Amino acid sequence: TRLDHELHGAVARGEMSLVYQPVVDLAGDRTVGAEALLRWHSPTLGPVPPSEFVPVAEDNGLVVPIGRYVLEQAAADIARWRADGTVDESFTVAVNVSVRQLCSTFPEDLDRLLEEHGLPHGALTVEITESVLLDGSVFSGSVLSRLRRAGTRVSLDDFGTGYSSLSYLQRLPMDILKIDRSFVGELDGPTPRTGLVSAVLDLARSLGMDVVAEGVETPEQADRLRLLGVDRAQGWLFARPLRPGELVAHLGTHA
Ligand code: G
Ligand code: G
Ligand code: MN
Ligand code: NA
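Residues numbered from 1 in each chain as written. Chains lettered and ligands numbered in written order. Predicted model: local features only at pLDDT ≥ 70, side-chain atom pairs only at ≥ 80, totals over all residues.

- An unreviewed UniProt entry lists the protein chain under the name Bifunctional diguanylate cyclase/phosphodiesterase, with Aquipuribacter hungaricus as the source organism.

This is the structure:
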């Protein structure tokens, strides 16, 4: 296809970039980290969202070099921000990693990259989507264990939209659960549906996991999440995904 064709060489031609969406601590409204989100601006196709090109890149294998670009860019950005005092050592950047990328030489690549930039494993968090659990769970399980032994925190994205059962979560230990925005969206109005968020919180606590709520758009949603005891959140209420320079400016006023 056209998209497949244009995707070849897109990184080398400088068409890819990262934006960062702040993650806030709900108790203090402080920015404690950010999620790196990939952007592709093709000169012929225009902006193409990751939901369209990541699946194609998974199929044609380009997700490996693209994923390497994402890791390298995120590591370089965070190393620079730490060096110039924009962020402190507690600030973490979450990077989305696809199944195919995890199944390559991911842990080794990550170790080398962090060492090159003089970063501890805590500087980057690895975010995987729930569907990874279905897809070769035995292998990704060993990769995840290796990452976590080295000190990398692993986060389960889009939680609640897939099929992960309790037994998966017990067998594949992870550090953070990200509550999908579809559930956060039900926290508005006179009869908010808090049941699912409460259940996820209980589950996370029983497994010793932290929780991040995604897609927070209204003050009402943030208040309900605070009352329920959710630690951290991201969403348009706090900030949209920002270009690196915009994130630095944002941190100047929201750190
Ligand atoms: O804003 P947004 O359209 O960026 O993100 C949509 C989805 O695309 C995210 O939920 C995420 O799962 C995926 N995505 C964004 N950036 C990356 C990336 O760098 N790598 C991978 N594998 N997926 C990403
Ligand atoms: O990794 P993941 O699929 O969760 O990526 C987050 C996606 O959600 C990105 O595409 C991002 O642009 C989008 N997003 C971020 N904040 C909000 C929000 O408050 N509302 C909605 N609807 N989408 C958001
Ligand atoms: Mn994500
Ligand atoms: Na998500």
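Next comes the rest of the account.
**Notes on the overall build of the protein chain**
Moving on, step 1. Helix and strand counts for the protein chain stand at eleven helices and nine strands.
Moving on, step 2. Against the 2.2 N^0.38 benchmark of 18 Å for 255 residues, the protein chain shows a C-alpha radius of gyration of 18 Å, consistent with a compact globule.
Moving on, step 3. Oriented by its inertia axes, the alpha-carbon framework of the protein chain measures out at about 50 × 45 × 40 Å.
Moving on, step 4. A buried classification covers 36% of the 255 residues belonging to the protein chain.
Moving on, step 5. Long-range contacts, defined here as pairs at least 24 residues apart, represent 67% of the contacts in the protein chain between residues at least 6 apart. (Helix = DSSP H or I, 4+ residues; strand = E, 2+ residues; numbered from the N terminus. Rg over C-alpha atoms; globule rule 2.2 N^0.38 Å. Buried ≥ 20, exposed ≤ 12 C-beta atoms within 10 Å, placed from the backbone. Contact = placed C-beta atoms within 7 Å.)

**Some details on the site of ligand 2**
Moving on, step 1. Around ligand 2 sit 13 residues in total, of which Asp-157, Gly-215, Glu-217, Gly-235 and Trp-236 are the nearest.
Moving on, step 2. Split into classes, the residues belonging to the shell around ligand 2 amount to four nonpolar, four polar and five charged. (Near = placed C-beta within 6 Å. Nonpolar A, V, L, I, M, F, W, Y, C, P; charged D, E, K, R; others polar.)

**A word on the site of ligand 1**
Moving on, step 1. Residues in contact with ligand 1, as listed here, are Leu-37, Leu-38, Pro-49, Pro-50, Ser-51, Val-54, Val-70, Asn-96, Val-97, Ser-98 and Thr-129.
Moving on, step 2. Considering every element that reaches the shell around ligand 1, the biggest residue donor is helix α2 (residues 50-60), with three residues.
Moving on, step 3. By residue class, the composition of the shell around ligand 1 is seven nonpolar, four polar and no charged.

**Comments concerning the nonpolar core**
Moving on, step 1. With 65 residues, the main nonpolar core has Ala-74, Val-95 and Val-211 as its most contacted residues.
Moving on, step 2. Examining the composition of this core, we find that eight residues originate from one element, helix α3 (residues 63-83), more than from any other.
Moving on, step 3. Residues contacting Ala-74, with those up to four places away along its chain left out, are Leu-18, Ala-36, Val-93, Val-95 and Leu-124. (Core = buried A, V, L, I, M, F, W, Y, C linked by C-beta atoms within 7 Å.)

**Looking at unusual backbone geometry**
Moving on, step 1. The backbone phi angle of Asp-29 is positive, close to 55 degrees, even though this residue is not glycine.
Moving on, step 2. Tracing the backbone shows Asp-29 in the loop between β1 (16-25) and β2 (30-42).
Moving on, step 3. A positive phi angle is found at Asp-158, which is not glycine, with a value near 55 degrees.
Moving on, step 4. Structurally, Asp-158 is set in strand β6 (residues 153-159).
Moving on, step 5. The class for Asp-158 is partly exposed, based on 17 C-beta atoms found within 10 Å.

**Observations concerning the environment of Gly-195**
Moving on, step 1. The topology assignment puts Gly-195 in helix α9 (residues 195-206).
Moving on, step 2. Classification of Gly-195 by C-beta neighbours within 10 Å gives exposed; the count is 10.
Moving on, step 3. Gly-195 sits 125 residues away from Val-70 along the chain, and the two C-alpha atoms are 36 Å apart.

**Details of the packing of α3 against helix α5 (residues 106-116)**
Moving on, step 1. Contact pair α3 / α5: the axes reach a minimum separation of 10 Å and the direction vectors enclose 25 degrees. Relative to α5, α3 is oriented roughly parallel. You can see that α3 and α5 cross each other, and the crossing is right-handed. In this structure, α3 contributes Arg-68, Leu-71, Glu-72 and Ala-75 to the contact, and α5 contributes Asp-109, Leu-110, Leu-113 and Leu-114.
Moving on, step 2. Per-class residue counts for the contact of α3 with α5 are five nonpolar, no polar and three charged. (Axes fitted to C-alpha atoms, helices over the stretch in contact; angles between N-to-C directions. Parallel < 35°, antiparallel > 145°, perpendicular 65-115°, else oblique. Left-handed = near helix turned anticlockwise from the far one by under 90°.)

**With respect to α2**
An α-helical turn contains 3.6 residues, so a residue and the one three or four places further along point in the same direction.
Moving on, step 1. Taken together, the buried positions of α2 are occupied by Phe-53, Val-54 and Ala-57. The arc that holds the buried residues of α2, viewed along the axis, is 105 degrees, so those residues lie on one side. Those residues of α2 that are exposed and angled more than 90 degrees off the buried face are Ser-51, Glu-52, Pro-55 and Asp-59.
Moving on, step 2. If you follow the buried residues of α2, they end up packed against α1 (2-7), β2, β3 (46-48) and α3.
Moving on, step 3. Once α2 finishes, Gly-61 follows within two positions and takes phi at roughly 85 degrees, a positive value. (Arc of directions from axis to C-beta.)

**Brief notes about the pairing of β1**
Moving on, step 1. Direction of pairing for β1 relative to β2: antiparallel, over a ladder of ten bridges. Bridging from a neighbouring strand, Val-19 pairs with Leu-37 of β2.
Moving on, step 2. Where β1 folds back onto β2 in an antiparallel hairpin, the turn is made up of four residues, including Asp-29, whose phi is positive at roughly 55 degrees. (Pairing = 2+ DSSP bridges.)

**Comments concerning the pairing of strand β5 (residues 124-129)**
Moving on, step 1. For β5, the tally of buried residues reaches five of six residues, placing the bulk of the element in the interior.
Moving on, step 2. Bridge analysis of β5 against β6 gives five bridges, and the strand direction is parallel. Bridge assignment links Val-126 to a residue of β6, and that residue is Val-154.

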